[in-house]
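# Descriptive structure summary
Residues per chain, in single letters:
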Amino acid sequence: MKSHRTASQVAQIVQVRSILDRMGQRKGSVEALDRTVSELGQSTEQDVKRSGADLLRLVAMLVERARKQAREFNEDLVDDMLALDSLSGLASQDRAGRKSAIAGIDALLERLDAASGRLGRLQKRLLTELEVRARHDGSEGKAPEVKSMQQASTAAPGFRWPSPSL
């Protein structure tokens, strides 16, 4: 016996499929962010003590950009998770697609959390080194760029919604 879907069920499964399609793109973006984080971490570990302050400031800017990108990815994924959570009355065969999408989003959010943590630690290390150098060079207090970077890094801390119940 064939099951018939209501118009709202058809609209909901289209939404689930759309989210699944976007997840493929977002997975690639998160993988690229992971590579960037690894490269930044490796180069920073090798160069923090022997690099000039200008290079450290540049790397700190790159780290802040990566943190912003991670926050934006997180927000997009959370929006998709909330959209999936709001769906109700799906046909039984369509619930599997919703469940798969939620699992995929959850996995990407976990990767983003890990990348954000690494970026936060890296940024803290860079800012600390810049502050030490500013003090060593005889500057009073924190260098202005260090203060502004610290303010930017705490203005929008990472946030993650809990997974919805399946």
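The paragraphs below set out a description of the structure included in this document. (Residues numbered from 1 in each chain as written. Predicted model: local features only at pLDDT ≥ 70, side-chain atom pairs only at ≥ 80, totals over all residues. Heavy atoms only, no water.)

### With respect to the nonpolar core
- Ranked by size, the top nonpolar core spans 34 residues in total, and within it L33, V63, L84, I105, L112 and L126 carry the most contacts.
- Looking at this core, the elements with two or more residues in it are α1 (7–47), α2 (53–85) and α3 (92–136).
- With 12 residues, the top contributor of residues to this core is α2.
- Once residues within four sequence positions are removed from consideration, I105 is found in contact with I19, M23, L77, D80, M81 and L84. (Core = buried A, V, L, I, M, F, W, Y, C linked by side-chain atoms within 4.5 Å. Buried < 20%, exposed > 50% of the residue type's maximum accessible area, 1.4 Å probe, protein only. Helix = DSSP H or I, 4+ residues; strand = E, 2+ residues; numbered from the N terminus. Contact = heavy atoms within 4.5 Å.)

### Thoughts on a nonpolar patch on the surface
- Together, L55, L58, M61 and L62 make up an exposed nonpolar region whose accessible area comes to about 330 Å².
- Among the secondary structure elements, M61 is positioned in helix α2.
- The class for M61 is partly exposed, based on a relative accessible area of 45%. (Patch = residues over 30% accessible without salt bridge, like charges linked within 9 Å, V, L, I, M, F, W, Y side chains within 5 Å. Areas by Shrake-Rupley, 256 points an atom, 1.4 Å probe, with all protein chains shown as cover. Salt bridge = Lys/Arg side-chain N within 4 Å of Asp/Glu carboxyl O.)

### Re the packing of α2 against α3
- As a packed pair, α2 and α3 sit with axes 8 Å apart at the nearest point and diverge in direction by 160 degrees. Our classification of the angle between α2 and α3 gives roughly antiparallel. For the pair α2 and α3, the crossing hand works out as left-handed.
- Considered class by class, the residues forming the contact of α2 with α3 number 22 nonpolar, 4 polar and 10 charged. (Axes fitted to C-alpha atoms, helices over the stretch in contact; angles between N-to-C directions. Parallel < 35°, antiparallel > 145°, perpendicular 65-115°, else oblique. Left-handed = near helix turned anticlockwise from the far one by under 90°. Nonpolar A, V, L, I, M, F, W, Y, C, P; charged D, E, K, R; others polar.)

### Observations concerning the pattern of salt bridges
- Inspection of the entire model under this criterion finds 9 salt bridges.
- Notably, a salt bridge pairs R57 with D54, separated by 2.4 Å at the nearest N-O pair. Taken together, the residues R57 and D54, both in helix α2 and 3 residues apart, mark about one turn of the helix.
- Exposure remark for R57: the relative accessible area of 24% places this residue in the partly exposed category.
- A salt bridge links R71 to E64, with the shortest nitrogen-to-oxygen separation between them at 3.4 Å.
- According to the relative accessible area criterion, R71 is buried, its value standing at 18%.
- Of the residues examined, E64 reaches a relative accessible area of 18% and is grouped as buried.
- A cluster of three or more residues bridged by salt bridges with shared partners is formed by R22, R26 and D80.

### What to know about the side chain of D80
- Considering the arrangement of structural elements, one finds D80 in helix α2.
- Overall, D80 belongs to the buried group, its relative accessible area being 5%.
- Not counting chain neighbours up to four residues away, the residues in contact with D80 comprise I19, R22, R26 and I105.

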